[in-house]
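Examination of the molecular architecture
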Amino acid sequence: MEELPAALLQFPCEFPMKIVGERTDEFAQEIVSIIQKHCPSFDAAEVEMKASAKGNYLSLGVLINATSQDMLDNLYKEITAHNKVRFVL
C-alpha cells in the first residue's frame, strides 16, 4: 500500500494571505465579509492595507485562523472568484 504524504499544514493554524485587487471604496469590506463567512472569528481590524504605487490596486494582508484544508480551499475559491480580485498569495 502506498503511503500518503504528510499534510503540509497542521490544523488549526494561522495562515497568512495577501489579496490584491482593484482599489475601490468597497473592495476591502467585500473581502473581509467573505473571510468572515468562512472564519467567523476573523477581526477586520487586523487587515493590513497598502495601495499600489499608482494607486490603482489595493493589497490586503490578512492572517486567517484556518481550521481545516477544506476551509482554506473554500475561502480561496470564493476570494479568487471575486470580480475585483487580481491575485491571491
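Residues numbered from 1 in each chain as written. Predicted model: local features only at pLDDT ≥ 70, side-chain atom pairs only at ≥ 80, totals over all residues. Heavy atoms only, no water.

Overview of the sheet that holds strand β3 (residues 57–66)
Whenever strands of a sheet pair, they do so through backbone hydrogen bonds, lying parallel or antiparallel. If you walk across this open sheet you meet the 4 strands as β2-β3-β1-β4, and the pairing is antiparallel. In this open sheet, the two strands that pair with only one neighbour each are β2 (48–51) and β4 (85–88). With direction set aside, neighbouring strand axes in the sheet form an average angle of 25 degrees. Sheet topology places strand β1 (residues 13–22) next to β3; 10 bridges connect them, and they run antiparallel. Each bridged residue has a counterpart across the sheet, and for Met17 the counterpart in β3 is Val62. (Pairing = 2+ DSSP bridges. Helix = DSSP H or I, 4+ residues; strand = E, 2+ residues; numbered from the N terminus. Axes fitted to C-alpha atoms, helices over the stretch in contact; angles between N-to-C directions.)

Notes on the nonpolar core
Ile19, Ile35, Ile64 and Ile79 are the most contacted members of the largest nonpolar core, which has 23 residues in total. Contributing elements (two or more residues each) for this core: β1, α1 (27–38), β3, α2 (69–81) and β4. The leading source of residues in this core is α1, at 6 residues. Those residues in contact with Ile35 that lie beyond four places of it in its chain are Ile19, Phe42, Val62, Ile64, Leu75 and Ile79. (Core = buried A, V, L, I, M, F, W, Y, C linked by side-chain atoms within 4.5 Å. Buried < 20%, exposed > 50% of the residue type's maximum accessible area, 1.4 Å probe, protein only. Contact = heavy atoms within 4.5 Å.)

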